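What the coordinates show
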Protein chains: 2
Amino acid sequence: MAGSAPPAAVRVAVLGCGNVGQALVELLVGDGAALAARSGVRLELGGVAVADPGRARAGVPPGLLTGDAKALVADPGIDLVVELIGGLEPARTLVEAALESGKAVVTANKALLAAHGAQLAGFAAEQGVDLLYEAAVGGAIPVIRPLRESLAGERVRRVMGIVNGTTNFILTLMADEGVGYEAALAEAQRLGLAERDPTADVEGHDAAAKAAILAGLAFRCDVVDADVPRQGITGVPAVDVAFASRLGYVVKLLAVAEAVGEGLAVSVHPALVPLGHPLASVRGSFNAVFIEGDACGELMLYGRGAGGRPTASAVLGDIIDAAHNRLTGGAAPAPARARARLVPAEDVSSAYYLDVEVADRPGVLAAVATVFGHHGVSIRSMEQQGMGDEARLVFLTHRARHGDVQATIAELLELSAVRHVGGVLRMVTDEDPAALGAGGGA
Amino acid sequence: MAGSAPPAAVRVAVLGCGNVGQALVELLVGDGAALAARSGVRLELGGVAVADPGRARAGVPPGLLTGDAKALVADPGIDLVVELIGGLEPARTLVEAALESGKAVVTANKALLAAHGAQLAGFAAEQGVDLLYEAAVGGAIPVIRPLRESLAGERVRRVMGIVNGTTNFILTLMADEGVGYEAALAEAQRLGLAERDPTADVEGHDAAAKAAILAGLAFRCDVVDADVPRQGITGVPAVDVAFASRLGYVVKLLAVAEAVGEGLAVSVHPALVPLGHPLASVRGSFNAVFIEGDACGELMLYGRGAGGRPTASAVLGDIIDAAHNRLTGGAAPAPARARARLVPAEDVSSAYYLDVEVADRPGVLAAVATVFGHHGVSIRSMEQQGMGDEARLVFLTHRARHGDVQATIAELLELSAVRHVGGVLRMVTDEDPAALGAGGGA
C-alpha cells in the first residue's frame, strides 16, 4: 500500500555477547545503513542480554545492555531473538519462550539443537515462525540452508564433514611436521585454537553434535548427539599419520552420515582420506562439508568454521532471512521429519586401515591373513613397515562390517606373534556404501 | 484450517526437454511420492513443451507433451513455469508471459539472465512471485542461494569462479599431460565435454554470462554480460602452463568480480592460481566459486557445474522453494539493486605473469627492466628460462594497473632485443585489491 514508505524495521534482541555476539552487534550497529541497502530489510537492535550489564563492551551501546534475558525475550517490542549463549540452559528455556510467543529465533547453539532440535522445530512450526541455525555447523559456510533448501528434493547418499577446526589443525600439523598428538595439541593451545581442557574437541563431542544436525537435515529425520558413536583423535598414532601419508592418504576427523539400505548410519571418527579427494585439501582450522547425492553428484562447501566474525556473518544471514519472512508473512520450509532408523555401529561397513605390530618371523603373515579370512574381512593390500622388533604389517581392507573388523582384531590379539594392533582407521573410498554388504571379495 | 488435509499440489510446466529437462521430469514423475515426503510439497507435472511433441521421450508421459509452449504458459492450471529452452528467444517472451500472469519462474538460462536479468527480476518483484535460477551458474552447486540469502548482509570483497567445466578440463589436461591447447581441446571434444564449435566455452562467453550473474548478486547491482571484458584460453601457450607449474601455480579460467574502491570490476580471464589455493584443487570438469567477504572470510562452493542430473538437481531445489513460497504466500528476497559502477578494465590492477622472449645477450635484462620502470610496473621476481634462441625472461610483477602492463608490453615490443611477449596472465594473490593502487613497490 505505502509504495515508497521506508520498509518497517524488525527489532532484534541478542542473548549473549561473547566473540560472536560482539562481532554481530558491530555488524548490526556499525554498518546499519549499508546493511539495510544491501539486504533490503531494516534491522534495529532492541537489546543485548549479558551476565554482567555493568561491564562496558566495545561497540555495544551501553543503554542496550541488560542482565534480564527473560524480560528482553518477553518484551513485545522484540520481533526476533538471537541466542548466542551456548549450552543447554538457560538457552533452551529462553529459545522456547521466544518461539512460544511467536518470535523468530536464530541460534548458533549446536549443543541445544543436537539435543532438543526436533522439539524446538516443532514449537517453531506450530507458531509458523522461523528457527534458523546456519552458524551451528561450519561457522560462516553456507551448509544448513543448502541442505534445507537447495537439496530439498535431493536423495542424499552420504554427508562427510570436517566440522571441527581444532582437530583439523592438530591433524594437519601432525601430517606436515611429523609431530605427535601431544605436541600438536600443545601448539594449538598456544595459538588459542584449542581450549585448556580440549575434551569437547579432541574426543569428538563437538563434531558429534554437528553430525546429528547434518544427518537430521540431509536425511529429514531426528538424530540426537547421544545417538552418534564417537571416536576422537587422541588415539591416532603419529606413525599411522606418517604411513597414511606415504600411502597417499591424509588423516581427518570426519562427521559422517550415510544411507545404509533403508537405514541411516551416523558417526564421528578419524579416517584416511585419499590425497586427491576434495576433503584432503581442507587444511588447518578450515572446515568443509562434502555431500554426495543421487542427482547432484559431489558437492563441497568450504570455509571458516569458527571465529567471531565468520560465525556472526552466518547469524546475520539468518537474521535477514527471518526478518524478510516476518515482513512478507512467510517462513523457511520445515518439512516433516521421520524417526531416524539408525543402523548399529557394528553393522556399518567401510574400508579399513589396520596397523598390526608383529614378530618378524616366517609364517606370521599367513597366520594373520587367516584371521582376516575367518571374519570375512577381505584384504586389498599389505605392506610390511620396519624390521625385527619394529616390524608392523599395514593392511588396507576392502569394505567390511565394523563388527567383523572388531572381531578380527580381538582374534589377532590372541596370536602369539601379534604384539599390538595400533591404528585402526576407516578409509574414505568411492565404493558405494549401499551396494556392498559385509565381507565379499577375496 | 484443514489441519490434516494433504498439502495442495503445485502444478509445474517444463519448457524444453533436452538433457536437463528429461532428467528433471524423471525426478518429478519417477520419484514423486518420495519427493513429496522429503520436500514437504506436492508437485504435479502439468505439461512439457517441446519442438516436436510427436517424438517420444523416455520417462515423459506422452500425454503431457505439447508443441505449444505459449498455451502451456498461459494455462490457468499451471502455477510454476520451468524454462529450460536456453538462449534469448523464445525463452525471454515465455518467461515474461509467465511472470506477468503471476506465475513463479525457475530457469537455468544464463544467457537470458545475463542479458535481461534486471528487467525480469523487476517483473517478478512487481507480481510478488519468484524468479529463481540456481542452475544458471555452477550447475548443482548451491551458489545463487548462498549469495542471495546466506550472504545477504555480507560486504563481499571478491568472487572468483571456475564456472566453465570445458575450459577447466582442457587446462587441467594441459597441466597434467603437458599437451598443447589444440590437443587438449580435441580430447575434450572426443569425450563430449566440448562442442564441435567450442567458441562459447573457450572464448569465455559462457563464463562472462555467469560472471555478470555472480557480480550482480554479490554486489547487489545490475551487470550485463556485454559489459564483461573477456579473455578466453585459446591464447594460453603450453609453455606458460608448464612454467607456471614449475613456479607453483596452475592456470585456471576465472570469472572475477571484485570491489575496487567504490566501483566494481568484472572480467573473465585465465590466471595463475597458487597451488595452495582452494581453487587450484578444482580439477577436470568440476566447478567452484570462491568468495571473500569482510566478515565471512574465505568460502568455496564446489561441485558439478554441468550435466543433466546435476543441473536438474539445482532446478528441483528452486522448484521446491518456489512451490513452498507459493503455498505460504512468501517470495524469495529480491533486494533493490543499484546501478553498477564498473571500473574500466585498464584501471583494474593485478599481479602479472609475463613471458618475454628475448635475445640472449648482456644488457637485455637492464633494458627490459627499465621499460617496466617507465610504466610503474614493479617486478617481484624474474627467472630466465632456456638459452640462446630459446631464451625467455619470465617476470612476476607486484600488483599493477592493467593499462600500465599493456603500455609496458607495447614499449617492450619496440626493443630490438625483444622478439615476442608470450603469455600475459594475471595472478591470484592475497594482496588486498582495495588497499593497493597502480604501481608502487620497487
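Described in the following lines is the structure provided in the data block.

Procedures and definitions
By convention here, each chain's residues receive numbers from 1 onward along its written sequence. A letter from A marks each chain and a number from 1 marks each ligand, given out in the order of writing. Two thresholds apply to this predicted model, a pLDDT of at least 70 for residue-level local features and 80 or more for giving and counting side-chain atom pairs, whereas whole-chain, interface and lining totals are computed over all residues. The side-chain figures draw on all heavy atoms in the structure; neither hydrogens nor water molecules are used. DSSP-based pairing: two strands are paired if at least 2 bridges between them are found. Secondary structure elements follow DSSP: runs of H or I no shorter than four residues count as helices, runs of E no shorter than two count as strands, and numbering proceeds from the N terminus. Superposition of the copies was done by least squares, using only C-alpha atoms of residues whose pLDDT is at least 70 in both. The criterion used for residue contact is that any of the two residues' heavy atoms lie within 4.5 Å. For this analysis, a salt bridge means a side-chain nitrogen from Lys or Arg found within 4 Å of a carboxyl oxygen belonging to Asp or Glu. Whether a residue is buried, partly exposed or exposed follows from its accessible area with a 1.4 Å probe, protein chains only, as a fraction of its type maximum: under 20%, in between, or over 50%, in that order. We call a set of buried Ala, Val, Leu, Ile, Met, Phe, Trp, Tyr and Cys residues a nonpolar core when their side-chain atoms join them within 4.5 Å. Note on definitions: angles span 0 to 180 degrees between N-to-C directions of axes, and those axes are lines fitted to C-alpha atoms, for helices only across the stretch in contact. In these notes the angle categories are as follows: under 35 degrees is roughly parallel, over 145 is roughly antiparallel, 65 to 115 is roughly perpendicular, and the rest is oblique. Handedness of a crossing follows from how the near helix is turned relative to the far one, being left-handed for an anticlockwise turn of less than a right angle and right-handed for a clockwise one. In this classification, Asp, Glu, Lys and Arg are treated as charged, Ala, Val, Leu, Ile, Met, Phe, Trp, Tyr, Cys and Pro as nonpolar, and every other residue, Gly included, as polar. The term buried area denotes the loss of accessible surface (1.4 Å probe radius) that occurs when two parts are joined, taken as the sum for both partners. Two N or O atoms count as a polar contact when they lie within 3.5 Å, although within protein this holds only if one can serve as hydrogen donor and the other as acceptor, and sequence-adjacent residues are included solely when both atoms are side-chain atoms.

Quick word on the sheet that holds strand β5 (residues 104-107) of chain A
Residues and elements named next belong to chain A. Read across the sheet, six strands follow the order β3-β2-β1-β4-β5-β6 without closing on themselves; strand pairing throughout is parallel. Two strands bound the open sheet, and with one partner strand each, they are β3 (65-66) and β6 (131-132). Where β5 meets β6, two bridges bridge the pair, whose relative direction is parallel. Following the sheet pairing, Val106 is matched in β6 by Leu132.

A word on the relation of the copies chain B and chain A
Each copy superposes on the other: chain B lies on chain A with an RMSD of 0.0 Å after a rotation of 180° and an axial shift of 0.0 Å. Such values leave the two copies arranged in the relation of a two-fold axis. Most of the interface of chain B is mirrored in chain A: 100% of its interface residues are interface residues there too.

Topic: the pattern of salt bridges
All told, the structure shown has 42 salt bridges over all chains when counted by the stated rule. A salt bridge links A:Arg157 to A:Asp294; the nearest nitrogen and oxygen atoms lie 3.0 Å apart. With a gap of 137 residues between them, A:Arg157 in strand β7 (residues 156-162) and A:Asp294 in the loop between β11 (286-293) and β12 (297-304) connect regions that are remote in the sequence. Here A:Asp294 falls in the partly exposed class, since its relative accessible area comes to 33%. Here B:Asp318 makes a salt bridge to B:Arg145, at a shortest N to O gap of 2.9 Å. Highlighted residues: B:Asp318 in helix α12 (residues 308-328) and B:Arg145 in helix α6 (residues 144-150), separated in sequence by 173 residues. Given the relative accessible area of 2%, B:Asp318 is considered buried. Among the charged side chains, a network of salt bridges with common partners joins A:Glu134, A:Arg145, A:Asp318, A:Asp321, B:Arg148 and B:Glu149.

Details of the side chain of B:Thr397
Counting through the fold element by element, B:Thr397 comes out in strand β16 (residues 392-397). Residues contacting B:Thr397, with those up to four places away along its chain left out, are B:Ser350, B:Ala351, B:Tyr352, B:Leu354, B:Phe372, B:Val377, B:Ser378, B:Ile379 and B:Arg380.

Some remarks on the nonpolar core
Within soluble globular proteins, side chains that are nonpolar tend to cluster in buried spots. Counting 170 residues, the largest nonpolar core has A:Ile170, A:Ile213, A:Ile291, B:Ile170, B:Ile213 and B:Ile291 as its most contacted members. Filtering out sequence-adjacent residues up to four positions away, B:Ile291 remains in contact with B:Leu147, B:Leu151, B:Val156, B:Arg158, B:Val159, B:Gly297, B:Glu298, B:Leu299 and B:Leu301.

Side note on the packing of helix α7 (residues 165-177) of chain A against helix α8 (residues 181-190) of chain A
Packed helix pairs are specified by the crossing angle of their axes together with the interaxial distance, meaning the distance between the axes. Residues and elements named next belong to chain A. Contact geometry of α7 with α8 gives a least axis separation of 9 Å together with a crossing angle of 125°. The orientation of α7 relative to α8 falls into the category oblique. Crossing angle aside, the handedness with which α7 passes α8 is right-handed. Counted together, Phe169, Ile170, Leu173 and Met174 of α7 and Tyr181, Ala184, Leu185, Glu187 and Ala188 of α8 form the full contact between these two elements. For the contact of α7 with α8, the residue count by class is eight nonpolar, no polar and one charged.

Structural notes on the interface of chain B and chain A
Each partner contributes to the interface: chain B provides 51 residues, whereas chain A provides 51 residues. Contact between chain B and chain A buries roughly 3800 Å² in total, counting both sides, with carbon and sulfur atoms accounting for 55%. The closest approach of N and O atoms between A:Arg145 and B:Glu149, which form a salt bridge, is 3.4 Å. Taken together, chain B and chain A are joined by 14 residue pairs in polar contact (both at pLDDT 80 or more). Breaking the side of chain B that touches chain A down by element, the ones donating at least two residues are α2 (32-39), α6, β12 (297-304) and α12 of chain B. Top element by residues in the side of chain B that touches chain A is α12(B). It accounts for nine residues. Inspection of the sheet shows β12(A) paired to β12(B) by five bridges, in the antiparallel sense. Directly across from A:Tyr302, in β12(B), lies its bridge partner B:Met300.

Shape is all these values report; function is a separate question.
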